[in-house]
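Notes for the structure review
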Amino acid sequence: MKRLLLVDGSSYLYRAFHAMPDLRNRAGEPTGAIYGMVNMLRRLRADYTSENISTHCIACVFDAPGKTFRDDVYADYKATRASMPEDLAAQIPHIHDVTRALGWPIIMEPGIEADDVIGTLARVAVEQGFDEVVVSTGDKDLAQLVSDKVRLVDTMKNSVMTREAVFEKFGVYPEQIVDYLTLVGDTVDNVPGVEKVGPKTAAKWLAEYQTLDAVVANADKIGGKVGENLQKALDWLPTAKFLVTVKTDCEFELARHIESQLQAGEEDAHALRALFQRFEFKTWFRALGGAPADDADAGSSGDFSATNMTAQANQAPSLFDSPTQSVDSIRTVCVNTPALLDELLQQLSVARDSASVVAFDTETDSLDPMRARLVGLSFAIEPGVGYYIPLAHQDLTADPQLPMDQVLGKLKPWFEDANSPKVAQNAKYDLHVLANQGVWVNGVVGDTMLASYVLEAHKPHGMDALALRWLNYNTIKFEEVAGKGANQITFDQVSIDSATRYAAEDAEVTLRLAHVLHRELAQVEQLNALYNKVEMPFGQVLFEVERNGVLIDSNKLDQQSAEIADKLKDIEAQAFELAGGSFNLNSPKQIGELLFDKLGLPVVKKTASGAPSTDEEVLSKLAEDYPLPAKLLEHRSLAKLKSTYTDKLPRMVNEQTGRVHTNYAQAVAVTGRLASNDPNLQNIPVRTAEGRRVREAFIAAPGHVLVSADYSQIELRIMAHISGDEALIGAFNHGLDIHSATASEIFGVGLNEVTADHRRTAKVINFGLIYGMSAFGLAANLSITREAAKLYIDRYFARYPGVAQYMESIRQQAKADGYVSTVFGRRLWLPEIKSPNGPRRAAAERAAINAPMQGTSADLIKMAMVELSAWLKAEKLGAKMIMQVHDEVILEVPKGELELIQARVPEIMTGVAKLRVPLEVGCGVGNNWEEAH
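To start, this report covers the structure provided alongside it. Worth saying up front: this structure is predicted, and the values here are computed from it rather than measured. (Residues numbered from 1 in each chain as written. Predicted model: local features only at pLDDT ≥ 70, side-chain atom pairs only at ≥ 80, totals over all residues. Heavy atoms only, no water.)

**Description of the overall build of the protein**
A tally of regular secondary structure across the protein gives 38 helices and 22 strands. Expected size for 933 residues packed as a compact globule is a radius of gyration near 30 Å; at 31 Å, the protein falls within 12% of this value. Its C-alpha atoms give the protein principal-axis dimensions of roughly 90 × 75 × 60 Å. Expressed as a percentage of the 933 residues in the protein, the buried residues total 53%. (Helix = DSSP H or I, 4+ residues; strand = E, 2+ residues; numbered from the N terminus. Rg over C-alpha atoms; globule rule 2.2 N^0.38 Å. Buried < 20%, exposed > 50% of the residue type's maximum accessible area, 1.4 Å probe, protein only.)

Printed below as a string of structure tokens:
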């Protein structure tokens, strides 16, 4: 058998760059894309080399620099593509070197795109008698090459694209892909298609007419707006078709000599050793017989070093010292007999005795942790093997499942044993699911989601993404076993055979990830401390807070909904009067036609499709001069409040607990702050009377009160600490009102002469500047001229020079490192800090200024809640934390404990860290949240 294996190198290197962490060697050179390429090329070659292949030819095809024939035909070809990231461009020459050293011939043909080289080689190979051509790519355009002898493989998605697979994905066959792409266009390459024609319409037309020529011939029969758009595009379609067609008849020398010139070569061990040593891929270097002289250097990197190479490393916890094995396939075991369960329990006991960490996972029928029903449990004790216990599947074709009560009864002691070390992915969810069954898990020593979050907050933290990024392993996706969209089934409907493969793999991958990520964290002392002393214990605190929930007054909310409904009707009537007729206040299209066509209001900005925008920013601007936009804004605000809170909250009361239980997302915001959903407690508006009334519906239980403990002006205090500005530090240390002190400095008046307007202006400046506000933004916020705003800012920086110096230095640091840090070492990554796109780069620079304040504030409230939880338990108090919103923690307190809580909570919260300025905490009390706040 003769096989030609072609790699779309241009696609590979981008995917490797974005899939891997921001790896660097000690010299600061980026290495992630290089590492990813080595992994993918080695894996691909191993997968597609076998003894029954007599002729095995391979090649890695890259785009050559410079223009191609398509640029001559269409000047805007690929014009919208962003320039290659600097860190990727720097790795390209080394990627070429390592590809050659791995035994892959490289092809780069001037004036010919990689796709066309691949297309030509595929055609010629088949003509020269090759039995099979395999093209490894993620590019949908190459689907047009698929035939009985040509197939595509996507190593990242673990998929193979055959003729039938092409039809399943696109709704058309390979020979129709060119016509399909012509109709829908190619946004990546900036090739327009027919306006408003998407994949479904294109597939529908080609199913009916078979070819583009036939679609064009019948264009006059296609009605509606889409038919008009087709008519308009007729002159363009031949050009579009030329641009999206992969050429298979290009002339270049290698195409004539595939079998002699593209033979798979042996790896060049000498060249690879030199490359692996330079880029500090130590495992691979050692595998080739290398012995790095700096192995004892605590600052040296591992294969996956996403950390500062000069940071002092500390030893990883002994639980995570095991080497991470490369696993090509996982053995999965379905535990569905008493004997198998006893065998698993014995292995868990052995793991406990040897202090070996075990990964576990739950499978459920819902994403709502408080309502989710347990369907199965999975475990991994060693790499390469995963166990799944089905408990509540509807699969009638399989052997009987073990009774849930029996299984949980036997596993409960292990789950609740603090001396049995456990790891999970998003452990908080699993803790809730098991708590619903009366199992209270102890001994969780690791959470791969949180470990990833501490290492790289700006990257995805789902297990599928982590497995690909850190293990170069393609997992079975949930959609593969449960379907997707409207046809998706719940996990209890998945067959036990499929569920076993999926769930057992989850646990096994989590185990390997835990070892990799924990060793990576151990390289940087501050990150390791942040993970082990803040994020991990805080995850347990959040579990408790979510479990506690909060009482709401449903009757009060129902009353508010009725009142808001009446107000909405009044506003609607007023809007109709201003508009001179009725219209749909919820229709952006009708609002746009009314404001800009009928009333002739100025167009502030346009949407991506070119229509005048009617978003909140536009309406706010227009509301400064026109009454109707102001009414529309008022209507939107009240309607959102009604639908999101006053209508919805009563329906969210848990029938078992009688309380509302929000879900706090711990690993979302790059600053370390929490996100809240179902319901979102972070976004309840507090600047309107109606919004504040919603807080009145969050009430204390009988015999209790709510206590709100809130850090005062925390971000300004952190700014004083980080910047070291003497005047700012002095104002806080002397207990001055910071906004009055700033007003005094800016306006040159004594503190006793500061007016309310002075203070208001100073407050806007204080908070605006720590968010990177420009003179333009300040002028708009204060309704003053830009010259006056610039004067205020200049005066501010003249009085607080340390702040100005900090802002400049932090921008430079962000550009150099790609991240900034909090006081406690959290890394706040800024991927756009070197973006060639000016607005994106400017936004990243503004974020660089504020992120250390927001991040440090997030760290402080987490540390405070960990301390509060420990104190409440130690004192065996009835008070409990029930909510956290930004810098505020809300407790439900028995009235008999109120005096103690009011005294100790501020002490604990202000004592978690010592800054250059004192921390202050306000403590309010009330029967509801609004009163307490």
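**Overview of the pattern of salt bridges**
For the coordinates displayed, the defined rule picks out 56 salt bridges. Between Glu655 and Arg371 there is a salt bridge, with its nearest N and O atoms 3.2 Å apart. Taken together, the positions of Glu655 in the loop between helix H27 (627-646) and strand E14 (663-665) and Arg371 in the loop between strand E8 (358-364) and strand E9 (374-380) put the pair 284 residues apart, joining distant regions of the chain. Residues Arg659 and Glu892 are paired through a salt bridge, measuring 2.7 Å at the closest nitrogen-oxygen approach. Of this pair, Arg659 sits in the loop between H27 and E14 while Glu892 sits in strand E21 (residues 888-894); the two residues are 233 residues apart in sequence, bridging distant segments of the chain. Residue classification places Arg659 among the buried residues on the basis of a relative accessible area of 10%. For Glu892, a relative accessible area of 1% translates into the label buried. Each member of the salt-bridge network shares a partner with another, and the members are Arg70, Lys78, Glu113 and Asp116. (Salt bridge = Lys/Arg side-chain N within 4 Å of Asp/Glu carboxyl O.)

**Structural notes on the side chain of Ser676**
Mapped onto the elements of the fold, Ser676 is located in strand E15 (residues 675-677). There is a polar contact of 2.9 Å between the side chain of Ser676 and the side chain of Thr662. Separated by 3.0 Å, the side chain of Ser676 and the backbone nitrogen of Leu681 make a polar contact. Each residue touching Ser676, except ones within four places of it in the same chain, is listed here: Thr662, Asn663, Tyr664, Leu681 and Gln682. (Polar contact = N/O pair within 3.5 Å; in protein donor to acceptor, adjacent residues only side chain to side chain. Contact = heavy atoms within 4.5 Å.)

**Structural notes on the packing of helix H19 (residues 448-455) against helix H23 (residues 525-548)**
Here H19 crosses H23 at 135°, and the two axes come no closer than 10 Å. Judged by the inter-axis angle, H19 sits oblique to H23. Note that H19 runs across H23; the crossing there is right-handed. Between H19 and H23, the residues in contact are Leu450, Ala451, Tyr453, Val454 and Leu455 and Leu527, Leu530, Tyr531, Glu535 and Met536, respectively. Of the residues contributing to the contact of H19 with H23, the split by class is nine nonpolar, no polar and one charged. (Axes fitted to C-alpha atoms, helices over the stretch in contact; angles between N-to-C directions. Parallel < 35°, antiparallel > 145°, perpendicular 65-115°, else oblique. Left-handed = near helix turned anticlockwise from the far one by under 90°. Nonpolar A, V, L, I, M, F, W, Y, C, P; charged D, E, K, R; others polar.)

**Considering the nonpolar core**
Within the largest apolar cluster, 126 residues are counted, with the highest numbers of intra-cluster contacts made by Phe698, Tyr711, Leu860, Met883, Ile901 and Met909. Sequence-distant contacts of Leu860, defined by excluding residues within four places in its chain, comprise Tyr711, Ile714, Ile718, Phe824, Val912, Ala913 and Leu919. Of all hydrophobic cores here, the second largest spans 59 residues; its members include Cys57, Tyr180, Trp205 and Leu262. (Core = buried A, V, L, I, M, F, W, Y, C linked by side-chain atoms within 4.5 Å.)

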